[in-house]
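Here's the letter readout for the chains.
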Amino acid sequence: QSAADFHEDVDIIIRELIHRLNDDNSVVLKANNVAIGALTKCVPVEELVKHIRYIKDLIGSMVSDARYRKGGVGDGDFFLPGLNIPKGLEPLLPIYQRGILYGDATTRELAASGLGELIKITQTKYLAGPFLIKLTGPLLRIVGDRNPPAVKIAIVQTLGLILTKGGPALRAFVPQFQTTFVKALSDPSRQVRIEAIKALALLMPLSTRVDPLIKELVSTSLGKSSNVTADTAGLVAIQTATLEALAVVLKHGGSKVKLAESVPSSLDAGKELVLHEDDGIRESAAKVVGYACELLGADETNSVMEELVVDQASNLSSCSVEVKHGIACICRRVLSRPI
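Small disclaimer: the values here were computed from a predicted structure and weren't measured. (Residues numbered from 1 in each chain as written. Predicted model: local features only at pLDDT ≥ 70, side-chain atom pairs only at ≥ 80, totals over all residues. Heavy atoms only, no water.)

## Focus on the overall build of the chain
No. 1: Helix and strand counts for the chain stand at 17 helices and 0 strands.
No. 2: Projected onto the principal axes, the alpha-carbon positions of the chain cover approximately 90 × 45 × 40 Å.
No. 3: Among the 339 residues that make up the chain, the fraction classed as buried is 49%.
No. 4: Taking all contacts inside the chain whose residues are at least 6 apart in sequence as the whole, residues at least 24 apart take part in 73%.
No. 5: A total of about 16300 Å² of accessible surface is found on the chain, and carbon and sulfur atoms cover 53% of it.
No. 6: For the chain, the distance from the average site of its 38 positive side-chain charges to the average site of its 38 negative ones is 4 Å. (Helix = DSSP H or I, 4+ residues; strand = E, 2+ residues; numbered from the N terminus. Buried < 20%, exposed > 50% of the residue type's maximum accessible area, 1.4 Å probe, protein only. Contact = heavy atoms within 4.5 Å. Areas by Shrake-Rupley, 256 points an atom, 1.4 Å probe, with all protein chains shown as cover. Lys, Arg positive; Asp, Glu negative; His and termini not counted. Charge placed at Lys NZ, Arg CZ, Asp CG, Glu CD.)

In structure tokens form, the structure reads like this:
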């Protein structure tokens with residue numbers, strides 16, 4: 001066949017090669033890996049990117065079949081055989097990198113979410129070391145661009161998956177991860193903010209400098225940050241997201257605090273905002289109070305309960321609905337902690 005004929009058949013070749021990723025023969029898997037690598041070298045990657053939705057759908061269909069056909073694994077672990085060999089994911093990576101770095105908004109979303117799906121079905125041992133850095137770099141590079149919410153959500157979710165799989169190998173990237181997730185707390189999209197909070201929780205096991213993060217979150221939660229612009233969410237939404245993030249940091253990283261004022265400053269912010277006029281802020285502030293009390297111990301907790309609950313309860317009939325709700329939130333969050 002001529003070169004022209006070959007290029008017209010790329011979608012058929014892709015289909016057959018992707019299907020072979022689920023073969024149960026190790027010889028076939030190795031040959032298929034070489035063939036995918038040859039395809040990405042013979043066909044310009046900017047052309048292959050045009051097939052990224054097709055690739056994503058083919059892989060999604062195989063995973064769904066493996067999970068839900070009769071005798072399938074259900075919601076248990078499933079690892080695609082062709083990705084779980086040495087350098088199994090590597091031949092596909094250029095397509096996803098190209099889509100993430102240079103695609104339009106739709107392509108970026110497909111590439112980022114598709115990469116996340118591949119990471120889920122690849123065992124950690126086949127993602128170790130420098131390969132994870134190849135995955136991480138392009139995502140961190142473009143996450144700050146003016147992307148629509150769907151793209152940011154896909155990127156932050158995939159970064160979270162990379163953190164889950166990568167662990168200590170990604171310690172050098174902690175500052176970039178942290179900056180990315182904290183910035184996303186001010187995003188106009190609520191779902192982007194939610195994903196950023198989840199991702200910060202995943203980052204805490206790797207983070208060694210928790211104090212500056214707590215200081216920044218405390219400042220933003222009190223509305224003192226300069227990050228609020230026309231491109232960010234409203235102040236109440238940002239305060240709520242930041243308090244949720246602060247609670248997550250105290251829960252998962254509070255034991256790493258080195259400065260004496262870090263946890264008390266978090267407690268003070270929570271106490272100040274637990275009587276805020278917005279119910280979402282009150283609920284989130286109560287979480288901060290609960291985790292701060294757990295870290296500070298029984299004596300400080302007794303003092304907090306005396307100040308915010310007992311003293312207020314003595315005159316409860318004259319308290320506003322906001323105060324009553326704040327007291328209830330504090331009781332729930334403090335009493336649920338093992339203090």
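Following the structure, the description resumes.
## Here's the deal with the layout of surface pockets
No. 1: What the second largest pocket holds in volume is close to 220 Å³.
No. 2: Along its surface, the second largest pocket is lined by R190, R193, I194, I197, K198, A237, T240, A241 and E244.
No. 3: Tallying contributions element by element places helix α11 (residues 190-203) first for the lining of the second largest pocket, with 5 residues.
No. 4: By residue class, the composition of the lining of the second largest pocket is 4 nonpolar, 1 polar and 4 charged. (1 Å grid on protein atoms, 1.4 Å probe; cavity = no way out; pocket = protein on both sides within 12 Å on 5 of 7 lines; lining within 4 Å. Points joined across faces, edges and corners; volume = space filled by probe spheres on them. Nonpolar A, V, L, I, M, F, W, Y, C, P; charged D, E, K, R; others polar.)

## A short note on the packing of helix α9 (residues 149-166) against α11
No. 1: Relative to each other, α9 and α11 sit at 15°, their axes nearing to 9 Å. Compared by their axis directions, α9 and α11 come out roughly parallel. Crossing of α9 over α11 shows left-handed handedness. Contact residues: P149, K152, I153, V156, Q157, G160, L163 and T164 in α9; Q191, V192, E195, A196, A199, L202 and L203 in α11.
No. 2: Split into classes, the residues belonging to the contact of α9 with α11 amount to 9 nonpolar, 4 polar and 2 charged. (Axes fitted to C-alpha atoms, helices over the stretch in contact; angles between N-to-C directions. Parallel < 35°, antiparallel > 145°, perpendicular 65-115°, else oblique. Left-handed = near helix turned anticlockwise from the far one by under 90°.)

## Structural notes on the pattern of salt bridges
No. 1: Under the criterion given, the structure shown has 12 salt bridges.
No. 2: Residue E16 is joined to R15 by a salt bridge in which the shortest nitrogen-to-oxygen separation is 3.1 Å.
No. 3: A residue is classified by how much of its surface remains accessible, and E16, at 33% relative accessible area, is partly exposed.
No. 4: A salt bridge links K152 to D187; the nearest nitrogen and oxygen atoms lie 2.6 Å apart. Here K152, found in helix α9, pairs with D187, found in the loop between α10 (174-184) and α11; they are 35 residues apart in sequence, far enough to count as distant.
No. 5: Residue K152 is classed as buried on the basis of its relative accessible area of 18%. (Salt bridge = Lys/Arg side-chain N within 4 Å of Asp/Glu carboxyl O.)

## So, the environment of R53
No. 1: Among the structural elements, R53 can be located in helix α5 (residues 52-68).
No. 2: Through-space distance from the C-alpha of R53 to that of L213 is 38 Å; in sequence the pair is 160 residues apart.
No. 3: Not counting the four nearest positions on each side in its chain, R53 is found in contact with T106 and L110.

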